[in-house]
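Chain residues, written in single-letter form:
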Amino acid sequence: MRSSPAARLLRPAALLLLLVAAHVFPTSAPPAAAAQTPAAVRAPVPVPGELRPHDVSDVYSVGISSGGYMATQLHVAYSGTFDGSAAFASGPNHCAQNDLNKALLACMDTLQDLQLDKLEQTTRDWSAQGLVDPVANLAGDPVYVFSGSGDTTVKRPVADALSDYYGRFGARVRYNNSTAAGHAWISPLGPNSCTVTANPWINNCGFDAERDLLGHLLGSVNAPAGTPGGTLTQFDQNPYAPGGQARAISLDEKGFVYVPGTCQDGATCDLIVALHGCKQGYSYQGFGSQFIDKAYLNEYADTNNLIVLYPQAVPTTTLDNPNGCWNWWGYQGDSAYARHGGKQIETVMAMVRTLGGDSTPPPAGNRITLASTDAQDGYIKAAADGSGASVGTLETTYGLALGRGSDGRYNRSVLSFDTSRIPAGKNLTRAYVTLTHSSGSGSPWTSPTGNRLLVDVHHGCLGTCPVEPTDWSATTTAPGSAEVTAFTSGTTSSTNLSTAGLAAVNRTGVTQLRLRFAANQTSHAYVFVNKDTRATLTVEYQ
């Protein structure tokens, strides 16, 4: 690794969710007979176990459809870890822009402009703000893009845009757009003929796509093994998910990793993170291990010192994600889905770090999530210069205020956490705050344009621990230690606290965070957060 989408009674948004779920990997006619398929290959039987550290060198992401989008999101968000990526039937990073309608009409179909220039600029802005790794890392990275001419699910111009997107950052793109494939992963083991779009969405197109993509990512590859000889381990994904609850973020409890014998014995190995598409997860309606068995990656793993990680998504019991897609449009209110802090991204990253061994950050299980102390939380309103400050009185009605209210005063909020609960003797490696949107008016992030919601960290209490007027302008230990980007629903997490912010965490008592906009709004624009759900501070340590 580098150093590092029932009926008429449904609301429109819910109906759109069903449409996107049906449109990505839709039900279709039974598959036609496959083209020339190799002799049956014995699939490895999964054994229970856990992720263990290995001598990991380079890391790559590969995926199909929603998994292709997630593969790109991982690569762009953590380009300091991922050395390249391969995506079948998907589009550029953050294509949906937290908008389900755009996901359907611009990022699968061509009825809307997917705004490639805007997507590029967003990536560059996020990089400058530390919300993704530096975009300079993408220059020279190998990227494989595949789009079948028979794919009517994610149309050709969308994949064209993915190829173009990566090219704008200097990546070395190999684009296969000359195959008459339907919407599917392409593999010599695919049971479907090339042009169909049908369960299990693994097609045989008469060529070895894995040789092509792995050869591009790795430089060259040895011929695949005839029969996989490594170990397929089924592990628990819960310890790597926020709060230890994988299902809460539409991930399965079960994940899988394939490790060849050479890698188990200590050889230096590369890591492939392989991401299935919608309806292809292990626990989706008995789909089982078909993607793992037929993707034709394990065979190459044996002869090329590759570890293959197969994280698993799962359907929600609500309309958020009924077909077990990876999060590429911001479902369940996760507005950070395509950058640092995205719940699924961070879960997969925790798995990658665990496989990478002790030299990498700790697994997500070494963490504590602290709820704020409600009696000490509050907000303060003041004039632009901080004069006339007073404690806000609408917390129980609307939540904690941020931005400029209709009374013309400017609001800042204070959160209080008992950080003495962090285990003693541990080194803090990462921390971030999570907020829940309550209501608002306008966007305080765009008044003025580019306004930033900053997180100040203070060792101890700003004054007395319950919020008081002087907290509006009080000096803090680590001002501007993190940032919360714009969100209009659900929950969102800040960027990671800076080094100074981590150092300011009080290990023996209270740590207070003040949320404030960097610039005063030019017109009334505000947001209320955490009316019914307290803020949380998540701290990771080793």
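You'll find the structure just up there.
Residues numbered from 1 in each chain as written. Predicted model: local features only at pLDDT ≥ 70, side-chain atom pairs only at ≥ 80, totals over all residues. Heavy atoms only, no water.

**Student:** So, the pattern of salt bridges: which residues are in play, and what are the values?
**Tutor:** Tallied over the full model, the rule gives 16 salt bridges. Two residues, K155 and D109, come together in a salt bridge whose shortest N-O distance is 3.0 Å. Of the two residues, K155 sits in the loop between β4 (142-146) and α5 (156-168) while D109 sits in the loop between α3 (100-105) and α4 (116-129), which places them 46 residues apart along the sequence. Judged by its relative accessible area of 30%, K155 is partly exposed. Ionic pairing is found between R516 and D456, a salt bridge with its closest N-O pair at 2.5 Å. A residue pair is termed long-range when its members are at least 10 positions apart, and R516 in strand β22 (residues 510-517) and D456 in strand β19 (residues 453-459) qualify at 60 residues. (Salt bridge = Lys/Arg side-chain N within 4 Å of Asp/Glu carboxyl O. Helix = DSSP H or I, 4+ residues; strand = E, 2+ residues; numbered from the N terminus. Buried < 20%, exposed > 50% of the residue type's maximum accessible area, 1.4 Å probe, protein only.)

**Student:** Give me the lowdown on the sheet that holds strand β7 (residues 192-193), citing residues and values where you can.
**Tutor:** Pairing is parallel across the open sheet formed by three strands, whose spatial order is β6-β8-β7. A strand with exactly one partner marks an edge of an open sheet, and here the two such strands are β6 (185-186) and β7. Both β7 and strand β8 (residues 202-204) contribute to a ladder of two bridges, which runs parallel. Within β8, the position partnered with S193 by the bridge is N204. (Pairing = 2+ DSSP bridges.)

**Student:** Requested: an account of the environment of E253, with residues and values cited.
**Tutor:** Counting through the fold element by element, E253 comes out in the loop between β9 (231-236) and β10 (254-259). Among the residues examined, E253 registers a relative accessible area of 31% and is labelled partly exposed. When the C-alpha positions of E253 and A103 are compared, they lie 27 Å apart, and in sequence the two are 150 residues distant. Once residues within four sequence positions are removed from consideration, E253 is found in contact with F235, D236, Q237, N238 and R247. Among the polar contacts made by the side chain of E253, one reaches the side chain of R247 at a distance of 2.7 Å. (Contact = heavy atoms within 4.5 Å. Polar contact = N/O pair within 3.5 Å; in protein donor to acceptor, adjacent residues only side chain to side chain.)

**Student:** Can you lay out the side chain of R430 for me, pointing to particular residues and giving the numbers?
**Tutor:** Here R430 shows up in strand β18 (residues 428-441). Given the relative accessible area of 6%, R430 is considered buried. A polar side-chain atom of R430 sits 3.3 Å from a polar atom in the side chain of E346. Once residues lying within four places of it in the same chain are set aside, the contact partners of R430 are G341, E346, N496, L502, T538, V539 and E540.

**Student:** Could you give me a rundown of the sheet that holds strand β1 (residues 47-48), with the residues and numbers involved?
**Tutor:** Strand order in this open sheet of nine strands is β1-β9-β10-β12-β11-β2-β3-β4-β5, and the pairing throughout is mixed. Taken across any chain shown, the strands that pair with only one partner, and hence form the sheet edges, are β1 and β5 (172-176). Strand contacts of helix α2 (residues 66-77): β2 (56-64), β3 (82-88), β4 and β11 (269-275), with the helix running at about 160° to β3, the strand carrying the most contacts. Sitting on the sheet, α5 is in contact with β3, β4 and β5, with an inclination near 165° to β5. (Axes fitted to C-alpha atoms, helices over the stretch in contact; angles between N-to-C directions.)

**Student:** Mind laying out unusual backbone geometry, listing which residues take part and the relevant values?
**Tutor:** In the segment running from N199 into P200, the intervening peptide bond is cis, with an omega of 5°. As for its position among the elements, P200 is in the loop between β7 and β8. Omega for the peptide link from S447 to P448 comes to -5°, which places this bond in the cis form. On the secondary structure map, P448 appears in the loop between β18 and β19. In the Ramachandran plot, S250 falls in the positive-phi region, its phi being about 65° despite a non-glycine side chain. Of note, the phi angle at N305 is positive, near 50°, even though the residue is not glycine. Classification of N305 as partly exposed rests on a relative accessible area of 28%.

**Student:** Which residues make up the pairing of β3, and what values do they have?
**Tutor:** In terms of burial, β3 is largely enclosed, as seven of its seven residues are buried. In this fold, the crossover linking β2 to β3 by way of α2 has right-handed handedness. (Right-handed = clockwise from strand over helix to strand, strands pointing away.)

**Student:** Describe the packing of aromatic side chains, and please don't skip the residues or the numbers.
**Tutor:** Geometry of an aromatic ring pair is reported as the spacing of the ring centres plus the angle between the planes. In the structure shown here, the tally under the stated rule is 17 aromatic pairs. Judged by centre distance (4.8 Å) and plane angle (50°), the ring pair of F256 and Y282 falls under tilted. Here F256, found in strand β10, pairs with Y282, found in the loop between β11 and α8 (290-294); they are 26 residues apart in sequence, far enough to count as distant. By relative accessible area, which is 0% here, F256 ends up buried. Between the aromatic rings of W445 and F517, the centroid separation amounts to 5.4 Å while the plane-to-plane angle is 75°, which identifies the pairing as edge-to-face. (Phe/Tyr/Trp six-rings, centres within 6.5 Å; stacked < 30°, edge-to-face > 60°.)

**Student:** Could you give an account of empty space enclosed by the protein, with specific residues and numbers?
**Tutor:** The computed volume of the largest cavity comes to approximately 60 Å³. If you trace the largest cavity, you find it lined by G403, Y410, N411, R412, W472, R516, F517, A519, N520 and Q521. Counting residues per element, the lining of the largest cavity draws most heavily on strand β17 (residues 410-418), at three residues. For the lining of the largest cavity, a count of residues per class yields four nonpolar, four polar and two charged. As a volume, the second largest cavity reaches approximately 40 Å³. Along its surface, the second largest cavity is lined by I249, N327, Y331, Q332, D334, K343 and Q344. When the residues that make up the lining of the second largest cavity are grouped by side-chain class, the tally is two nonpolar, three polar and two charged. (1 Å grid on protein atoms, 1.4 Å probe; cavity = no way out; pocket = protein on both sides within 12 Å on 5 of 7 lines; lining within 4 Å. Points joined across faces, edges and corners; volume = space filled by probe spheres on them. Nonpolar A, V, L, I, M, F, W, Y, C, P; charged D, E, K, R; others polar.)

Coordinates in, geometry out; function isn't part of it.
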